[in-house]
Each structure stands twice: as C-alpha cells, then as structure tokens.
Protein chains: 2
Amino acid sequence: MKIGVDGMGGDYAPQVVIEAVNSIKGEFDIVVVGNEKALKNELKNAEIVHAEEVIEMEEEPQKAIKKKNSSIGIGIALEKEEKIDAFISAGNTGAYVMFSVLELGRIENVRRPALGVFFPGKNGYTFVLDVGANVESKVEDMVDFGIMGSMCVEGLIEKKNPTVGLLSIGEEEIKGSYFNKEIFNLMKEKLPNFYGNIEGHKILDNVVDVLVCDGFVGNVLLKFGESVVDTVWWAMKEGIKKGKIFAKLGGILLQKHIKKELGRLRYQKYGGAILLGVKGVNIICHGRSDAETIRNAIYTAEKYVKKRINKKIEENLKRRKNGKNNLF
Amino acid sequence: MKIGVDGMGGDYAPQVVIEAVNSIKGEFDIVVVGNEKALKNELKNAEIVHAEEVIEMEEEPQKAIKKKNSSIGIGIALEKEEKIDAFISAGNTGAYVMFSVLELGRIENVRRPALGVFFPGKNGYTFVLDVGANVESKVEDMVDFGIMGSMCVEGLIEKKNPTVGLLSIGEEEIKGSYFNKEIFNLMKEKLPNFYGNIEGHKILDNVVDVLVCDGFVGNVLLKFGESVVDTVWWAMKEGIKKGKIFAKLGGILLQKHIKKELGRLRYQKYGGAILLGVKGVNIICHGRSDAETIRNAIYTAEKYVKKRINKKIEENLKRRKNGKNNLF
C-alpha cells in the first residue's frame, strides 16, 4: 500500500508533514508530493514526487484547478493513475475537493460526494456529514450521505450497524423544515438504523454514530464549533489574567493540562475531513494541523484502504438502487 | 411602566423568579403571573396575578395554546390588554412564541416575527436572528430580520448604524446557496450598513452587530454553541480528575473562576431571546436561567420599552415599503 501526502499544504507545511511522515511506523509506503528542495534533506523513508507549484490557502478553487503541477494536482493525478492508494492534504479544501471530484470521478450511483468529520464529544465520536462539499443537496443525496457515513463508521470505528440521525430543530418527526420532513420520511424507509432527529445541543452527546445535515449547515457548524472552543480558551486566559493571585496560580498549574483537553476537542483523532463518494481515498486536514493530526490522517487513510470502504459504499448504493434497503 | 414576568416558567421557577424580582431596583412596577400560593409569601414589592395552570416545558405548543389560564396565556393576555408593557418567561419557548404571535399580532409590514439572541464573543456582542421562530423563511423576510435586528441593537446597545452580516459558507458574494445569494443581493440593495457574508468561525469575533440567518440554522447554532461550552467545561473537569497533583491543585484554585467566565459565555447579559415583530415586548429566557439572567431580561425589557424599539421597527419597515432604503 502507498499513501500519498501533500508536502506543501497547510499553514505549517512542510515542517509538520515531514515530522508526521518521519514518525510513521506502518506496513505501507509513503509518497510525499511537493517541492523536492524543501523536502529532501529532512524526510526519511519516504519517496518524494516533485511538484513545481503550490495552491495557496486562499486561492479560488476555480482558478486553482488549472494548476495541474501543484502538489494537490499531482497528488490527485497519482491517485487516479493508481500509483498511490490514498492522498492526504492540509491545503486548500475547495481546490482539493474540486480536484478530487473532477479527476477521480464519483463512485457508481453517487450523485453528490460529501465531506464528513468525526465530532468528538462526551461519549466518543459522531461522524457528521456533509460539512461543506455541497451547498445544495436533494432529499435523496441526504439518504446517500447516511449510507456512505455508515460504511465509513463501520470500517473506521469498527462498529456494526451504526445508527444514523438527521440534524433538525426538534426531536419529533413533525419538526423541522419541509425539506427535513421529506428526508426524515425517506430515511425512515431506506435506512434500517435510522434513529430520528437530533437537535443542535445533542450532537456532542454522541447519541448517534452518523449525523446527516446539508453542506451549508454542516460547514457553519464545524467552523462555529471550533471557534467556540477557541473563544472558551480565550475567555479562560482572560479570566486568569484578571483573576486574583490564587486564580493566576491555578491557571499556571492547569494551563497546559486544559490546553491538551481542548486540543482533543479541536483536533481530530481521525485527522481531518474525509471525502466520501469519489473513486479514491481522500482526507483533507485542517490548515492549522500539527504533525499529530497529519499522522492520524495517514493512519485513517491506511485503515480506509484496508477496510475497502469505497467498495462497500458502491455495493450498498447498488443494493439500494435495486430496492434492497438492508445495508451490509 | 409595568413589566410582567412568568412566575412559573423555567426549570427553577418560581424560586429564581422570586429572587430576580426581589432584587430589582427600577422605576417601574412588576407583575408576576403564576400560582398565588407559591408566590405570595416570598415576593416583595410586586403585584401577583393568579394563574391556575402551568404549561410544561415539553408540552406541544399546539396543545399548550389551549391553556388560556396558564401563566403564559394570562401574561400575554395582560400584554394585549395593555395592562403590562412587556412580558418575560423562562418557560416553553414554542408555546410562548405561538401565544405571542397569535394573541398580540404582528407589527405592520412584518410577515414573519423572529427570535434574536445576543451572542457574546471576543469583541462584545453580535445579535443573531432568527434563532428558531421560523422553519422556513423567504428572501424578503431575511432582509426584514436585518432591519428589525438593527433597530434592536441600536436601542439596546445604543450603537448608531449597526452593521448587518449574512451567515454563509464563504466570505465572497458568490459563495453560499442560491437562497443565500439572493438574500445577499437584496441586502446589498436594501440595507445601507450591510457588511457581507460572515462564516461560522467568525461569528464570535463580533465583526458585525447583527447577523442574519434562517431559523433552522440559527436554532441549530444556538443549541450547538451552548453544548460546546458545556462539553469544554466537562472535558476540563475530566482533565482535572485525570491529572496529576499539580493539575488537581490548579483545578481547585481555578474552577470557580473559570465557571464564571464560561457563565458569561453561556448565559446572557441581555437575559434571553427577544421576539421581534410582534406588537409587544417579549423575552424568552433559557429554561435553565438563574435569577441573574431573569433580572437581566427584566432590565432589557425595560430598555426596549423606553427606547420604543417597536415603533422604530414599524417606521423603518414602512419606509422600506415606500422605497426608502435608509434606516433611521
């Protein structure tokens, strides 16, 4: 197995990528795509594929897609040519998703690929999708997201028959928009492990394994949630600053510890957002990813390949198309 | 001026209401609506209007609306009869909104009332609406929300010409759903202080004074945000528990302090969600509100009445209907 990593993507590239790759102990090979000069001195035990260009973080995907010689462009091309089995980047999400969908193509019966993220909470993880691959989704797409999410959770967390919830503004079936009610009904019919509606304040209780929402809401949620954690951290530091001597002392003793706990909530055990529905294994990490996050993404990609999750998605969507609702 | 308060609404009623009302020092009278027996012994300096029934927190609004003798039903009726100038409750939000809209009616030219909440962040407050009065909104409604929100911020925070943002998934005009693009264009045309799109992670930076989103997204955000704060607090306590002796000591010294800071993020200086667009001054507090939150809601209601915010909303919507876009 060969896992490709974008050497140039993210705010702290190539340093964090080098650190991550050098720390990997797996029974697979790593290919780092990026500027050879910037990579070759420090990188150990990894093949380098040179890429002349870099897609900047703020570049418009429509423009970026023309940069075929960028690290993302070459990485996705290597994946298409089956020279690597997966490709990971902490770079420009929009460009990465566009490259993946256009170059790799969609798995049979997938109308819309989706981005999913494991939300850490009080009782483990909930895989939330779509967090922004689409701005407009149809009722049927949302059911597909439920199926793709289930396969992903089953493979990566190794949980049999994961439950699927629908993000809504009330628990009862009748609550929510007309769009949501239609989805509710179709999910009830098509997904054997459909749990029902999940409200905003229940997401982090991890009541369900998979939570489906449209890409607009999911994207807002993901970004907002992250900023809430940041703001709490900031408020705490302000509190410590303003506090009396005991609070200050407490702060000094505790700061590192809290930071670690908040880090668990912020950065992902699973490394990043997983793009589901394309013919490839693609994980996009946060721009601010550290080496640990990228390492986690590499291991997640390895497991995704090993568990043949895309094959399962394909088979299950075909079954559903043929009128069979039970997933397997 | 007379401010009405629901004596029976919320998880800690009537105790927190009694405590809040007893602590009020304002140049206005307070009317508490609720079970006379439960209230009369402890309540000082407030008139009591007896209500035989209580609407439970989990009751379906459609059923609850029949309880005309409930504390919410009687409170809204008193407001309608102009015996009180405002009515505050920490009870069942759905029932409260339904009672308000049906009994008090809408301000002229308001098609949809909206619920707004001040989100505390790093740089003050952003008034976010709609947070759940509607499940489906039209493009024009969203512009109205922007106008109503501006009047509310101008009156309550006393900030001239507040800026209005639109919640979206990218900063550029072209980003977001078709629905959002239409809103963007109409806001640009109709709102002189339109700032543009705001992404999820920018909400708590308080870049804009008013942030407009549809009731579905707003409701999910509000509930999710609260749960993130709770989860961070939980994670910290877990961290302290698991920590070594120094972390534990730090935790003990700091716990109270952090709790206070998190409280600032969780509970509101302004007391609750403000229902805009009805012929009345109506604030719904969180079910878990403490006495301080309810006291803040009472002072917010007083200011809202004093500043004649509803009159301003009415005048500005009329101006807009007559083709004048400048707010005043």
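Above this text sits the structure in question.
Residues numbered from 1 in each chain as written. Chains lettered and ligands numbered in written order. Predicted model: local features only at pLDDT ≥ 70, side-chain atom pairs only at ≥ 80, totals over all residues. Heavy atoms only, no water.

Moving on: the pairing of strand 8 (residues 194-198) of chain A. Residue and element names in this part refer to chain A. Along strand 8, 4 of the 5 residues are buried, which leaves the element largely enclosed by surrounding structure. Relative to strand 8, strand 7 (residues 164-167) is paired through 4 bridges, and the arrangement is parallel. Following the sheet pairing, L167 is matched in strand 8 by I198. Taken together, strand 7, helix 7 (residues 178-190) and strand 8 constitute a β-α-β crossover, and its handedness is right-handed. (Buried < 20%, exposed > 50% of the residue type's maximum accessible area, 1.4 Å probe, protein only. Helix = DSSP H or I, 4+ residues; strand = E, 2+ residues; numbered from the N terminus. Pairing = 2+ DSSP bridges. Right-handed = clockwise from strand over helix to strand, strands pointing away.)

With that out of the way, let us pick up the sheet that holds strand 11 (residues 282-284) of chain A. Residue and element names in this part refer to chain A. An order of 3-2-1-4-11-10-5-6-9-7-8 is seen for the 11 strands of this open sheet, with the pairing classed as mixed. Of all the strands in the sheet, just strand 3 (47-50) and strand 8 have a single pairing partner and so form its edges. Averaged over neighbouring strand pairs, the angle between their axes works out to 25 degrees when direction is ignored. Across 3 bridges, strand 6 (residues 124-129) lies against strand 9 (residues 210-212) in parallel orientation. By the bridge assignment for strand 9, V128 is matched with L211. (Axes fitted to C-alpha atoms, helices over the stretch in contact; angles between N-to-C directions.)

Let us look at the packing of helix 6 (residues 139-156) of chain B against helix 10 (residues 291-306) of chain B. All names here are of chain B. Where helix 6 contacts helix 10, the axes come no closer than 9 Å and their chain directions differ by 105 degrees. Viewed along their axes, helix 6 and helix 10 adopt a mutual orientation that is roughly perpendicular. In contact with C152, G155 and L156 of helix 6, helix 10 contributes T300, K303 and Y304. Class assignment of the residues belonging to the contact of helix 6 with helix 10 gives a composition of 3 nonpolar, 2 polar and 1 charged. (Parallel < 35°, antiparallel > 145°, perpendicular 65-115°, else oblique. Contact = heavy atoms within 4.5 Å. Nonpolar A, V, L, I, M, F, W, Y, C, P; charged D, E, K, R; others polar.)

One recurring pattern in soluble globular proteins: nonpolar side chains tend to sit buried together. Residues L167(A), I203(A), F224(A), L167(B), I203(B) and F224(B) are the most contacted members of the largest nonpolar core, which totals 89 residues. Excluding residues within four positions of it along the chain, F224(A) makes contact with F119(B), G200(B), H201(B), I203(B), L204(B), L221(B), F224(B) and G225(B). (Core = buried A, V, L, I, M, F, W, Y, C linked by side-chain atoms within 4.5 Å.)

Moving on, we get to a positive patch on the surface. Residues and elements named next belong to chain A. Taken together, R308, K311, K312 and K318 make up a surface patch of like positive charges. Residue position: K311 is located in helix 11 (residues 309-321). Residue classification places K311 among the partly exposed residues on the basis of a relative accessible area of 35%. (Patch = residues over 30% accessible without salt bridge, like charges linked within 9 Å, V, L, I, M, F, W, Y side chains within 5 Å. Areas by Shrake-Rupley, 256 points an atom, 1.4 Å probe, with all protein chains shown as cover. Salt bridge = Lys/Arg side-chain N within 4 Å of Asp/Glu carboxyl O. Lys, Arg positive; Asp, Glu negative; His and termini not counted. Charge placed at Lys NZ, Arg CZ, Asp CG, Glu CD.)

Our next topic: unusual backbone geometry. The phi torsion of most residues other than glycine is negative, and most of the peptide bonds are trans. A cis amide bond, omega 0 degrees, links A13(A) with the succeeding residue P14(A). For P14(A), the location among the structural elements is in the loop between strand 1 (2-6) and helix 1 (15-22). Its identity as a non-glycine residue notwithstanding, N109(B) has a phi of 75 degrees, on the positive side. Along the chain, the position of N109(B) falls in the loop between helix 5 (93-104) and strand 5 (114-121).

Take the packing of aromatic side chains next. Residues and elements named next belong to chain A. Enumeration over the complete set of coordinates arrives at 12 aromatic pairs over all chains. Between F184 and F194, the ring centres sit 5.1 Å apart and the planes meet at 80 degrees, which makes this aromatic pair edge-to-face. Separated by 10 residues along the polypeptide, F184 in helix 7 and F194 in strand 8 bring together distant segments of the chain. Residues F184 and F194 agree in their burial class; the two are buried. (Phe/Tyr/Trp six-rings, centres within 6.5 Å; stacked < 30°, edge-to-face > 60°.)

What follows concerns the environment of G132(B). Residue and element names in this part refer to chain B. Within the fold, G132 resides in the loop between strand 6 (124-129) and helix 6. Relative accessible area serves as the criterion here: at 27%, G132 is assigned to the partly exposed category. Excluding residues within four positions of it along the chain, G132 makes contact with L115, G215 and N219.

Right, let's talk about the pattern of salt bridges for a bit. Counted under the stated rule, the structure contains 30 salt bridges over all chains. Between K159(A) and D209(A) there is a salt bridge; the shortest N-O distance is 2.9 Å. Note that K159(A) is positioned in the loop between helix 6 (139-156) and strand 7 and D209(A) in the loop between strand 8 and strand 9, a separation of 50 residues in sequence. Taking the relative accessible area as the measure of exposure, K159(A) reaches 37% and is therefore partly exposed. Residue E189(B) is joined to K190(B) by a salt bridge in which the shortest nitrogen-to-oxygen separation is 3.9 Å.

All names here are of chain B. Strand order in this open sheet of 11 strands is 3-2-1-4-11-10-5-6-9-7-8, and the pairing throughout is mixed. For this open sheet the edge positions go to strand 3 (47-50) and strand 8 (194-198), each flanked by a neighbour on one side alone. Strand-to-strand twist of the sheet, defined as the mean angle between neighbouring strand axes without regard to direction, takes the value 25 degrees. Two elements, strand 5 and strand 10 (residues 273-276), share 3 bridges in a ladder whose sense is antiparallel. Of the residues in strand 10, the one forming a bridge with A114 is L276.

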